[in-house]
Amino acid sequence: MRGGVGGWVLRAAIGVASGAVAWVLAVHGVEWPALAMYGLLVAAAMAIPASAAVALIIGYPAAAMAFVGDDRSWAGVFALVVLLHLVHVLAAYAAVVPIGSRVHLEALKAPAKRFALVQLSVLAVAAVVILLPGGRTDAAVEVVGLACAVGLVLGAVLLMRRKG
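Residues numbered from 1 in each chain as written. Predicted model: local features only at pLDDT ≥ 70, side-chain atom pairs only at ≥ 80, totals over all residues. Heavy atoms only, no water.

Engineer: Just checking my understanding: could you explain a nonpolar patch on the surface for this structure?
Structural biologist: Among the surface-exposed residues, Trp74, Val77, Val81, Val118, Val122, Leu123, Val125, Val128, Val129, Ile130, Leu131 and Leu132 lie close enough to one another that they form a single nonpolar patch of about 1000 Å² accessible area. Secondary structure elements with two or more residues in the nonpolar patch: α4 (74-96) and α5 (109-131). In terms of residues, the nonpolar patch owes the most to one element, α5, which gives eight residues. Here leucine 131 is to be found in helix α5. (Patch = residues over 30% accessible without salt bridge, like charges linked within 9 Å, V, L, I, M, F, W, Y side chains within 5 Å. Areas by Shrake-Rupley, 256 points an atom, 1.4 Å probe, with all protein chains shown as cover. Salt bridge = Lys/Arg side-chain N within 4 Å of Asp/Glu carboxyl O. Helix = DSSP H or I, 4+ residues; strand = E, 2+ residues; numbered from the N terminus.)

Pasting the structure below:
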């Protein structure tokens, strides 16, 4: 018995994750013509995962959410961050795995761990942003923040110079 799943499963997973993206968009008020256009882009991305259609199905929801009213839903934005990253990862693997081949699930373990690590990091930073108070920040705090950012960049540059 052959192990793994067919290469077509990656393309189907792109469709499922993109369907979840379309659902989030619909819940947040995106009209059906925009959703129909998104569906056509998803079909193209599933057929040819190494095409520009993948970039469009990742960028399209962000633009659509920007034009739907003034009420921003953090839950919807966070869901889109996770789902669109998932679509990106799935499309990257679907682009290099032939549709008729077999993919062992063990081979997807390391990418799944990287995906989870990136999402945990991003959502942790997003949680901090939500907890920050709104309104005007004191000038002294802005200067200290800018100095810290410059220090981080300089530190990263110095560390990169030492290694290589």
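There's more to say after this.
Engineer: Sorry if this is basic, but what is going on with the packing of helix α3 (residues 53-66) against α4 here?
Structural biologist: In a pair of packed helices, the angle between the axes and the distance between the axes together describe the arrangement. Where α3 meets α4, the closest approach of the two axes is 9 Å, and the angle between their N-to-C directions is 170 degrees. Compared by their axis directions, α3 and α4 come out roughly antiparallel. For the pair formed by α3 and α4, the contact residues are Val54, Ile57, Ile58, Pro61 and Met65 on the first element and Val77, Leu80, Leu84, Val87, His88 and Ala91 on the second. Along the lines of polarity and charge, the residues of the contact of α3 with α4 split into ten nonpolar, one polar and no charged. (Axes fitted to C-alpha atoms, helices over the stretch in contact; angles between N-to-C directions. Parallel < 35°, antiparallel > 145°, perpendicular 65-115°, else oblique. Contact = heavy atoms within 4.5 Å. Nonpolar A, V, L, I, M, F, W, Y, C, P; charged D, E, K, R; others polar.)

Engineer: What's the story with the pattern of salt bridges in this structure? I'm lost.
Structural biologist: A side chain of one charge can pair with a side chain of the opposite charge if their charged atoms are brought near each other. On inspection of all chains with the given rule, the structure shows two salt bridges. Between lysine 109 and glutamate 106 there is a salt bridge; the shortest N-O distance is 3.6 Å. The class of glutamate 106 is exposed, set by a relative accessible area of 56%. For arginine 136, the salt bridge identified is with glutamate 142, shortest N-O distance 3.2 Å. Its relative accessible area of 72% is what places arginine 136 among the exposed residues. Glutamate 142 gets classed as partly exposed once you look at its relative accessible area, which sits at 39%. (Buried < 20%, exposed > 50% of the residue type's maximum accessible area, 1.4 Å probe, protein only.)

Engineer: What am I meant to see in the packing of aromatic side chains here?
Structural biologist: Two aromatic rings, taken as a pair, are described by how far apart their centres are and by the angle between their planes. Applying the stated criterion to the full structure yields two aromatic pairs. Geometrically, the ring pair formed by tryptophan 74 and phenylalanine 78 is tilted, given 5.8 Å between the ring centres and 40 degrees between the ring planes. Taken together, the positions of tryptophan 74 and phenylalanine 78, both in helix α4 and four residues apart, correspond to about one turn of that helix. Judged by relative accessible area, phenylalanine 78 falls into the partly exposed class, the value being 21%. (Phe/Tyr/Trp six-rings, centres within 6.5 Å; stacked < 30°, edge-to-face > 60°.)

Engineer: Is there a simple way to explain the side chain of glutamine 119 in this structure?
Structural biologist: Looking at the secondary structure, you find glutamine 119 in helix α5. On the basis of relative accessible area, glutamine 119 is assigned to the buried category, the value being 7%. At a separation of 2.5 Å, a polar atom in the side chain of glutamine 119 contacts the side chain of histidine 85. Dropping the residues within four chain positions of it, glutamine 119 is found in contact with Val81, Val82 and His85. (Polar contact = N/O pair within 3.5 Å; in protein donor to acceptor, adjacent residues only side chain to side chain.)

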